[in-house]
Amino acid sequence: MVNRSTSAQVARSSERGRLVDALGAWNHGSGPLYRLLARAVTAAVEHGDLGRGARLPSERALAQAIAVSRGVVVAAYDELAADGVIERRRGSGTFVAGSADVGLPPDREGSALFGRLVAEPTPSLVDLSISVLHEPRWLPRVAVGPGDVAEVGADSPWGVPALRERVAADLTADGLATRPDQVVITTGAQQGISIAIGCWVRPGDVVVVDDPTYPGVLSALAAAGAVPRPVPVDRDGVVLAALDAALAERPALVYLQSGPHSPTGGRLSAHRRQVVAGWLAERRIPFVEDVALTSLDWSGTPRPAPVAARIPDHPGAVVGSLSKRLWAGLRLGFVRAPEPVAARMVRVKATHDLGSSAVSQSLALALLEHPSLDRSLGRRDAELAARASLLADLLAEHLPSWRCEVPDGGLSFWVRLPEPVAARFAPVALRHGVAVATADGLSLTGDHRDRLRLTFALPKRDLRLAATRLATAWSDLTP
């Protein structure tokens, strides 16, 4: 049975988060609180942060989200309604006045984090909200000619055959025996997740996801009309008791990261890998294992085999990223699945783009086969480790009340603030020239309102500048 109340709760949480992000530091200024709040809502509408026709949270829900009395919100909504900024619809709720017919439904536009991706670049902005490998300078120089791009099968939705062979060989070396006919090259890991969801999920289906999680999976589930069932994670990966309870609901799909986890930096332990594999096989529940960050690891420990290695013929998919392994500009990923599942995924992929860029695939193949690649990536990982250490030191110096663990892999910190004010802090930080990611778009539970995800993948000079700006913004928020 589908838990409709969970879906409604997710929608209400999204409404609150979107409005709180748009309000920013609304209570700074003179005058009654209700009037300051009304002005902030009006400004958000005028600036386009709240679209025409957007649904607003209830008075009680907004009051709880911004820590004021319900009377303050009632008075603000009354003033906004009198001014024609919002409209109350009997039995439906409160909405920004005007038509939203030309816009996408809110759950199709992704989170505020995806808004950062499509925003026009701002030269002075230090963007800590997007965790990608911006710099290709560590990679060896390679040349790709027309003959490489014109390889037979390069325009197939399956991908370039030689690249599929290389991916299959790498997965086999990692402990997951794989043949090329089990590999589909995708336009980034995001597309791999989307086509996997397209294979198994229909509107109203329950899907188990780790919480917090990679924001792309939540957007893909929303687009599919799924009902996400979040389960918590800790340093050793998904919490087994919570996962067991979620599996009892017979979900249509389970999505988990085996690590390094985004955004927490944790890793699924060997014990939990074994238990998860057993439960999934016993209950025959399809499984998507995200290994996109596996190649970003400087822990010095042997890389564990994917969970799928324990159940290689299970109806599931392993999703990986060549963009995370090499360079974001390649926009390439892959999916590994049993042959019948892989064939089905190719049909779904063909409805997306017919085939990923042959130029990017040929370039990726040339890089993967370059004899100095391992040394180049070793230098890259050493630099990422140094940047992670630097950002940790800078936060300890400038923002000593913030807490975070320094990961030994991945691309970001999961920072804990001393108060649950991340949504209020993000717009203040943006005004000071730093973009940060809150739990909006990474979590469905509301349990992480004191968290920020900050990437350490930027050059050191940018990290130093960001730290000083964040400290100033924090002082403005909590004088």
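Analysis parameters
- For every chain, the first residue of its written sequence is number 1, and the numbers climb from 1 along that sequence.
- Local features in this predicted model are restricted to residues of pLDDT 70 or higher, and side-chain atom pairs are both shown and tallied only at a pLDDT of 80 or more, whereas totals for entire chains, interfaces and linings draw on every residue.
- To get the side-chain values, take all heavy atoms of the structure and skip hydrogens and water.
- Starting at the N terminus, helices and strands are each numbered in turn, a helix being any DSSP run of H or I of at least four residues and a strand any DSSP run of E of at least two.
- Whether a residue is buried, partly exposed or exposed follows from its accessible area with a 1.4 Å probe, protein chains only, as a fraction of its type maximum: under 20%, in between, or over 50%, in that order.
- Should any heavy atoms of two residues lie within 4.5 Å, those residues are considered in contact.
- All accessible areas in this document rest on Shrake-Rupley with a 1.4 Å probe, and a residue is counted as covered only by the protein chains that are shown.
- Following DSSP output, two strands are said to pair if at least two bridges run between them.
- Lines fitted to the C-alpha atoms define the axes, with helices restricted to the stretch that makes contact. Angles between their N-to-C directions range from 0 to 180 degrees.
- Per-residue confidence from the predictor is reported as pLDDT, a score between 0 and 100.
- Residues grouped as a nonpolar core are buried Ala, Val, Leu, Ile, Met, Phe, Trp, Tyr and Cys residues, joined through side-chain atoms within 4.5 Å.
- Here is the rule: rings of Phe, Tyr and Trp (six-membered ring for Trp) pair when centre to centre is within 6.5 Å. Planes less than 30 degrees apart are stacked, more than 60 are edge-to-face, and the remainder are tilted.

(A) Fine view of the overall build of the protein. When you go through the protein residue by residue, the secondary structure sums to 17 helices and 16 strands. Across the 479 residues of the protein, 54% fall into the buried class. Counted over contacts in the protein with a minimum sequence separation of 6, partners at least 24 positions apart contribute 74%. Accessible area for the protein stands at about 20,600 Å²; split by element, carbon and sulfur atoms hold 53% of it.

(B) How the structure looks around the sheet that holds strand 12 (residues 333–336). Spatially, the eight strands line up as an open sheet ordered 5-12-11-10-9-6-7-8, and their pairing is mixed. Because the sheet does not close on itself, it has two edges, and the strands there are strand 5 (183–186) and strand 8 (237–238). Note: strand 9 (residues 253–257) against strand 10 (residues 287–290), four bridges, orientation parallel. Residue leucine 256 lies in a different strand from strand 10, and its bridge partner there is glutamate 289. Those strands touched by helix 8 (residues 188–200) are strand 5, strand 9, strand 10, strand 11 (316–321) and strand 12, and its axis lies near 165° from that of strand 11.

(C) Up close: the confidence of the model for the protein. Confidence along the protein averages 88 in pLDDT terms, with 89% of residues attaining 70 or more. Every residue in residues 4–8 scores below 50 in pLDDT, and together they form four contacts with partners more than four places removed in sequence or on other chains.

(D) Broad picture of the environment of alanine 305. You can see alanine 305 is positioned in the loop between strand 10 and strand 11. Look at alanine 305 and you get partly exposed, because its relative accessible area is 22%. C-alpha separation for the pair alanine 305 and threonine 172, spaced 133 residues apart in sequence, amounts to 9.2 Å. Among all residues touching alanine 305, those that are not within four sequence positions of it are Asp174, Gly175, Arg273 and Arg310.

(E) Expanded view of the sheet that holds strand 2 (residues 86–89). Taken in spatial order, the three strands line up as 1-3-2 in an open sheet, and their pairing is antiparallel. Both outer strands of the open sheet, strand 1 (55–56) and strand 2, are each paired with one neighbouring strand and no more. Of the strand pairs in this sheet, strand 2 and strand 3 (residues 93–96) are connected by four bridges, and their pairing is antiparallel. Following the sheet pairing, arginine 88 is matched in strand 3 by threonine 94.

(F) Structural context of the pairing of strand 12. The alternating pattern of strand 12 places Gly333 and Val335 and Phe334 and Arg336 on opposite faces, both of which are buried. Bridge count for strand 5 against strand 12 is four bridges, and the pairing is antiparallel. Bridging from a neighbouring strand, valine 183 pairs with arginine 336 of strand 12. Alignment of strand 11 against strand 12, held across four bridges, turns out to be antiparallel. Looking across to strand 12, one finds that serine 321 is bridged to glycine 333.

(G) The nonpolar core, seen in detail. Formed by 41 residues in total, the largest nonpolar core has its most connected members in Leu128, Trp402, Phe425, Leu452, Leu454 and Leu470. Residue assignment for this core shows that the elements contributing at least two residues are helix 15 (373–398), strand 13 (412–416), helix 16 (422–431), strand 16 (451–455) and helix 17 (460–477). Of the residues forming this core, the biggest block, eight residues, is contributed by helix 17. Apart from residues no more than four positions distant in its own chain, leucine 128 is found in contact with Val434, Ala435, Arg453, Leu454, Thr455, Leu458, Leu463, Ala466 and Leu470. One finds Val207, Leu218, Val335 and Val348 within the second-largest nonpolar core, a separate group that totals 31 residues.

(H) Region of interest: the packing of aromatic side chains. A complete count under the given rule lists five aromatic pairs for this structure. Centre to centre, the rings of tryptophan 298 and phenylalanine 456 are 6.2 Å apart; their planes meet at 80°, and the pair counts as edge-to-face. With tryptophan 298 in the loop between strand 10 and strand 11 and phenylalanine 456 in the loop between strand 16 and helix 17, the pair connects residues that are 158 residues apart, well separated along the chain. Each member of the pair, tryptophan 298 together with phenylalanine 456, is buried.

(I) Quick look at the environment of serine 258. Here serine 258 shows up in the loop between strand 9 and helix 11 (270–283). Overall, serine 258 belongs to the buried group, its relative accessible area being 4%. For the pair serine 258 and threonine 294, spaced 36 residues apart in sequence, the C-alpha separation works out to 8.2 Å. The residues touching serine 258, leaving out its near neighbours within four places in the chain, are Arg267, Leu268, Arg273, Glu289, Asp290 and Val291.

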